[in-house]
2 protein chains.
Amino acid sequence: MGELRVRDVSEKDLLARILRVLSPASRAEVGPGDDAAVLAVPGGRIVATTDTLVHGPDFRLAWTSAYDLGYKAAAVNVADVAAMGARPTALLVALALPESLPASFVDHLATGFRDALAELAPGCAVEGGDLTVSDTLTVAVTALGVLDGVEPVLRSGARPGDEVAVAGELGAAARGLGILFRRFRDADGTPVVVSTDALSPAERHDIDAQLRPRPPVELGVVAARAGATALMDISDGLLLDSSRIADASGVTISLDADLDDAALTGGEDHALLACFPAGMAPPAFEVIGRVRERGETAVLVKGAVRDDRGGWDPYADWDSTLG
Amino acid sequence: MGELRVRDVSEKDLLARILRVLSPASRAEVGPGDDAAVLAVPGGRIVATTDTLVHGPDFRLAWTSAYDLGYKAAAVNVADVAAMGARPTALLVALALPESLPASFVDHLATGFRDALAELAPGCAVEGGDLTVSDTLTVAVTALGVLDGVEPVLRSGARPGDEVAVAGELGAAARGLGILFRRFRDADGTPVVVSTDALSPAERHDIDAQLRPRPPVELGVVAARAGATALMDISDGLLLDSSRIADASGVTISLDADLDDAALTGGEDHALLACFPAGMAPPAFEVIGRVRERGETAVLVKGAVRDDRGGWDPYADWDSTLG
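Residues numbered from 1 in each chain as written. Chains lettered and ligands numbered in written order. Predicted model: local features only at pLDDT ≥ 70, side-chain atom pairs only at ≥ 80, totals over all residues. Heavy atoms only, no water.

Section: the relation of the copies chain B and chain A
Least-squares fitting of chain B to chain A yields an RMSD of 0.0 Å, with the transformation described by 0.0 Å of translation along the axis and a rotation of 180°. When the rotation and shift are considered jointly, the pair of chain copies conforms to a two-fold rotation axis. (Least-squares fit on C-alpha atoms with pLDDT ≥ 70 in both.)

Focus: the interface of chain B and chain A
With 76 residues of chain B in contact, the opposing surface of chain A contributes 76 residues. Carbon and sulfur atoms make up 63% of the area that chain B and chain A hide from each other, which totals about 6400 Å². It is B:Glu99, B:Glu127 and B:Leu131 in chain B that bury the most area against chain A; as a group they hold 11% of the surface buried on that side. Put simply, chain B and chain A have two salt bridges between them. Residue A:Asp107 pairs with B:Arg17 through a salt bridge whose shortest N-O separation is 2.5 Å. Across the contact surface, chain B and chain A share 22 residue pairs in polar contact (both at pLDDT 80 or more). The leading source of residues in the side of chain B that touches chain A is strand 4 (residues 125-133) of chain B, at nine residues. In the side of chain B that touches chain A, the residues fall into 43 nonpolar, 19 polar and 14 charged. (Contact = heavy atoms within 4.5 Å. Buried area = accessible area lost by both parts, 1.4 Å probe. Salt bridge = Lys/Arg side-chain N within 4 Å of Asp/Glu carboxyl O. Polar contact = N/O pair within 3.5 Å; in protein donor to acceptor, adjacent residues only side chain to side chain. Helix = DSSP H or I, 4+ residues; strand = E, 2+ residues; numbered from the N terminus. Nonpolar A, V, L, I, M, F, W, Y, C, P; charged D, E, K, R; others polar.)

A few points about the packing of aromatic side chains
All names here are of chain B. Evaluation of the coordinates by the stated rule reveals six aromatic pairs over all chains. Ring geometry for Trp63 against Phe181: centres 5.4 Å apart, planes inclined by 55°, an arrangement best described as tilted. Here Trp63 is found in the loop between strand 2 (44-54) and helix 2 (66-82), whereas its partner Phe181 is found in helix 4 (residues 172-183), with 118 residues between them in sequence. Among the residues examined, Trp63 registers a relative accessible area of 9% and is labelled buried. The interplanar angle of 35° and the centroid separation of 6.3 Å between the aromatic rings of Tyr67 and Tyr71 together place this pair among those described as tilted. Within this pair, Tyr67 and its partner Tyr71 are both found in helix 2, separated by four residues, close to a single helical turn. (Phe/Tyr/Trp six-rings, centres within 6.5 Å; stacked < 30°, edge-to-face > 60°. Buried < 20%, exposed > 50% of the residue type's maximum accessible area, 1.4 Å probe, protein only.)

A few points about helix 3 (residues 105-120) of chain B
When the terminal C-alpha atoms of helix 3 of chain B are compared, their 22 Å separation across 16 residues agrees well with the 22 Å that a helix rising 1.5 Å per residue should span. Along helix 3 of chain B, the residues classified as buried are B:Phe105, B:Val106, B:Asp107, B:Leu109, B:Ala110, B:Thr111, B:Gly112, B:Phe113, B:Ala116, B:Leu117 and B:Leu120. (Expected span 1.5 Å × (residues − 1).)

Considerations on the sheet that holds strand 5 (residues 138-146) of chain A
All names here are of chain A. Read from one edge of the open sheet, five strands run 1-2-5-3-4, paired in mixed fashion. Each end of this open sheet is capped by a strand with a single partner; those strands are strand 1 (37-41) and strand 4 (125-133). If you compare each strand with its neighbour and ignore which way they point, the axes differ by 20° on average. In terms of strand pairing, strand 3 (residues 87-97) meets strand 4 through eight bridges, oriented parallel. (Pairing = 2+ DSSP bridges. Axes fitted to C-alpha atoms, helices over the stretch in contact; angles between N-to-C directions.)

Focus: the domain arrangement of chain A
Many analyses report the size of an interface as the accessible area lost when the parts associate. Residues and elements named next belong to chain A. Here the domain parsing of chain A yields domain 1 (6-146) and domain 2 (163-316). Taken together, the contacts link 31 residues of domain 1 with 30 residues of domain 2. Carbon and sulfur atoms supply 63% of the area that domain 1 and domain 2 bury against each other, a total of about 2400 Å² over both sides. Taken together, domain 1 and domain 2 are joined by three salt bridges. Ionic pairing is found between Asp68 and Arg212, a salt bridge with its closest N-O pair at 2.8 Å. (Domains from an automatic or database assignment.)

Dropping the structure here:
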């Protein structure tokens, strides 16, 4: 057998090992386990979350420009703040850069950050960071946000009778990644530069959704104000992320809408998944299902159990030899 | 000539390029450029900083255990919070792990974080994080802190007539790194495991200072309460970091104490460097110099100019082929 390695363990199990050591010391209102932590500060509380993009498992420079990388790194982090019902106010960005990278890379990266924040989270800016070198290009982002007079919306508040609703796209980013994997790799599987000429408008849209996701960040606060009982952003696919709300809330989520496989299992769109008391979902949210008493499974699709929850676990799914 | 690469540019210049894009959007009370950002939140403000440790330039696993890595990653980040005169309250930790790493690595790493916080910053805990895989082991930490009724102490407030003082060790971490480089590498320069049997107590102390720094975190608030006019932690050596306060404040710092080369140029102890109005330095701080009107140079040592400011610039100093 030999020693257990990171590759032999699921992300969930690895996290459980870490939390066994660290959780007893937590003093946060919401500690590890939700989209973001909620921390008391004098006079109020803040929301804080971190997400890292690593060359290889998270992006490939043949497909992703420096601008797109900055845009996506900003987008996925402000989406986690929105997923608490909060408004993003500041990012801290730690860059670890290979020495061979063109120095102009940081200009385009910074511009991607700036534009993403201007579009998705006006009022939020990069307020700090760190620079170091690494053989592996790594962008580690922390996002901070404030609760504008609302309670944070956790994954654990869904109640039987609630409606399940989404805002934002489902499946586009995963379709885009599929196009990149199928059509923009050479015979060895190495990513090659994307030629947009060969793409239909729909394909371009999907690739854009993968490379420059545009989560509906401003709707996080809207959901909280409308009385959302549970809220998260869909980073690992609707089925897997629905099961997380279902498990955290002790309920079953029953999805009734017509949803294709990409919509059910595709991650990385960072759409918002919310539960609302019946009839309370704001217009920007589309109702796709209902919360029920906990049954045998966490999620039902048109009344049936789905075995393939999909989603992306970097510890189980990433193969550095295949890319 | 060819294109300018990251290796051709100083960290300072690279940062300047990034800030040219991002600074116009900053809304923080203190944005990029000091030890940490100061952000307004409803009812108050918080201090936020991020620092990343990358395998290779920042640590080598032959020398650094998982426990030590966690300890150091926590220590250097809470030191940056202390360097604003603030009290650390929460860490977010993003881990990027090679798949071949033993899974037990995360247990020891988490324990190092826990113990460092219990010793250096009681009341501060890891409240969130992120897990991903990478070919390069990377630990990206964000530290948050609160200002307990004091103003943040920046690098820019030193005034002629102030005393310059330090709390904590000077030079020990650099001496420890020197011992590691000289005595614990094989013929190819590859780090080899440290045998503590071969070390004197003083050498062990210095290696411990390098691997598990113990900055005087609680003295950050003490300095702020005592009226410190400038404050930072010494991560790149007393000379280089003194010049940063001198430049930010538009003054010259004149160091008068007997300080050897290690104390003047050695980084990574994360001692606190502070300026106080004359006679106001608290007992835990040792007065080592005086702030003067700005002269031709930022720093004088016993009245003389030193050319070698020392310090560690990862973009200029790190050579991945030499380690």
